[in-house]
Amino acid sequence: MMETGKDKTAHGRQVERVLWIVLVLNLVVAASKYFYGLASGSASMQADGIHSVFDSLGNVIGLVGISLAARPADAGHPYGHSKFETYGSLAIGVLLLFAAFEVGSSAVEKLVAGTYTAQVTPMSFIVMVGTLVVNLFVTLYERRAGKRLKSEILAADAAHTLSDAFVSIGVIVGLGFVVAGFPMADPIMALLVTVAILASAVGVFRTGLRTLSDHARIPAADIARVAEKVNGVRSIHAVRTRGTEAEVYCDLHVLVDPQMTVLAAHDLGDEVEGVVAAAFPQIKEVLVHIEPDTAAERAEG
């Protein structure tokens, strides 16, 4: 078995740096939308502000999760702590569900009671457009960082922030309808905010559960194609991968000449591990099973 020597501590520090920057920006956005929505009586602006508050809470959870995930392997966790990042992303999903309930229930109350209190001014649009620009910047910044660092928490939070941007667009449209004489549009847009939050939660849960259910991370054919290029390898089968996007564990069976010595087979296995790890940087460990190239072994593949 081979470890690639990836510096998990450096990975954690980079993710934490991104989360701190996003946290500050989300707090500014949340305060701007919520307090102006409160002052103007706009349910959709308040709802959007609450959504952004949960964005910020998600950042805090992300910071805790990545701090735990960056801890090295120990006797109790021989495969490391990387799945704590996944647990953190699922916690963000739970927060989104609470946010959806808070936003949706408030909108329903206004629709049932028929109380439409939104007061739209030019400042309403300035606040919403300004926060929308910030949201779009945060989404792009966090999505790029998530792809570069292969971080589930950053990917989940970027998706959430993108949904927040679409929500802001919806709020702006709703305020436009209020100005045009349709005050009911404000709580209706708040309900659309609820749907967007729920959709974001579903995406977060889907990503996290793929990791926890040991969903294959890399196509087996891609790994086999790389391993089969090593001189002496006759065939590859039983290729498996699991783990997080940033930390993948791989094992595979390598069929070799039955007359090969143990030492030669061992050296060949080391070479295969090195080639696979070099081709797929996200792989943390590679485990090679050496087997004789016989009809029985080929049948098992």
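Residues numbered from 1 in each chain as written. Predicted model: local features only at pLDDT ≥ 70, side-chain atom pairs only at ≥ 80, totals over all residues. Heavy atoms only, no water.

Draft legend 1. Inspection of the nonpolar core at higher detail. Ile236, Leu252, Val254, Val272, Val276 and Ile283 are the most contacted members of the largest nonpolar core, which totals 22 residues. Elements with a minimum of two residues in this core: α7 (220-227), β2 (235-243), β3 (248-256), α8 (262-279) and β4 (283-292). For this core, the element with the highest residue contribution is β3, accounting for five residues. Ignoring sequence-local partners within four residues, the contact set of valine 272 consists of Ala227, Val230, Val233, Leu252, Val254 and Val288. (Core = buried A, V, L, I, M, F, W, Y, C linked by side-chain atoms within 4.5 Å. Buried < 20%, exposed > 50% of the residue type's maximum accessible area, 1.4 Å probe, protein only. Helix = DSSP H or I, 4+ residues; strand = E, 2+ residues; numbered from the N terminus. Contact = heavy atoms within 4.5 Å.)

Draft legend 2. Summary view of the domain arrangement of the protein. Parsing the protein into structural domains produces domain 1 (3-213) and domain 2 (220-300). Look at where the C-alpha atoms of domain 1 and domain 2 centre, and you get two points 42 Å apart. Residue-level contacts link 14 residues of domain 1 with 13 residues of domain 2. Viewed at the interface, domain 2 and domain 1 are joined by zero salt bridges. Across the domain 1-domain 2 interface, the total number found is zero residue pairs in polar contact (both at pLDDT 80 or more). Elements with a contribution of two residues or more to the side of domain 1 that touches domain 2: α1 (8-40) and α3 (83-113). For the side of domain 1 that touches domain 2, the class distribution of residues is two nonpolar, six polar and six charged. (Domains from an automatic or database assignment. Salt bridge = Lys/Arg side-chain N within 4 Å of Asp/Glu carboxyl O. Polar contact = N/O pair within 3.5 Å; in protein donor to acceptor, adjacent residues only side chain to side chain. Nonpolar A, V, L, I, M, F, W, Y, C, P; charged D, E, K, R; others polar.)

Draft legend 3. Representation of the confidence of the model for the protein within the structure. Averaged over the protein, the pLDDT score is 80; the fraction of residues at 70 or greater is 91%. Taken element by element, the protein is modelled with least confidence in strand β1 (residues 2-3), mean pLDDT 48, and with most confidence in α7, mean pLDDT 93. Here residues 2-8 is modelled with pLDDT under 50, and outside its nearest four sequence neighbours on either side it reaches 23 contacts, counting other chains as well. (pLDDT = per-residue confidence, 0-100.)

Draft legend 4. Region of interest: the pairing of β4. Where β3 and β4 come together, nine bridges link them in parallel fashion. In the sheet register, valine 256 faces β4, and the bridge partner there is proline 292. Chirality of the crossover, the property in question, places the unit of β3, α8 and β4 among those that are right-handed. (Pairing = 2+ DSSP bridges. Right-handed = clockwise from strand over helix to strand, strands pointing away.)

Draft legend 5. How the structure looks around the UniProt feature "domain: Cation efflux protein cytoplasmic" (unreviewed entry) in the protein. This chain's UniProt record puts "domain: Cation efflux protein cytoplasmic" (unreviewed entry) on residues 221-292. The span residues 221-292 is 35% helical and 39% strand by assignment, and the distance between its end C-alpha atoms comes to 21 Å. (UniProt positions renumbered as here; feature names shortened; annotations may be inferred.)

Draft legend 6. Geometry of α7. Buried within α7 we find Ile223, Ala224, Val226 and Ala227. Looking straight down α7, one finds its buried side chains confined to an arc of 160 degrees; they lie on one side. (Arc of directions from axis to C-beta.)

Draft legend 7. Here's a closer look at unusual backbone geometry. Notably, aspartate 214 is not glycine yet its phi reads approximately 55 degrees, a positive angle. Under the relative-accessibility criterion, aspartate 214 is labelled partly exposed at 37%. A positive phi is found at alanine 238, a non-glycine position, where the angle reads about 55 degrees. Summarising the element assignment, alanine 238 is placed in strand β2.

Draft legend 8. Quick peek at the pattern of salt bridges. This structure, assessed with the given rule, holds five salt bridges. Here aspartate 222 ties to arginine 225 by a salt bridge, and the two come within 3.1 Å at their closest N and O atoms. Here aspartate 222 pairs with arginine 225, and both are found in helix α7, just three residues apart, close to one helical turn. For aspartate 222, a relative accessible area of 28% gives the class partly exposed. With its nearest N and O atoms 3.1 Å apart, the salt bridge here joins aspartate 251 to arginine 240. Of this pair, aspartate 251 sits in strand β3 while arginine 240 sits in strand β2, and the two are 11 residues apart along the sequence. Judged by relative accessible area, arginine 240 falls into the exposed class, the value being 54%. Linked through salt bridges whose partners overlap, the residues forming this network are Arg234, Asp257 and Asp293.

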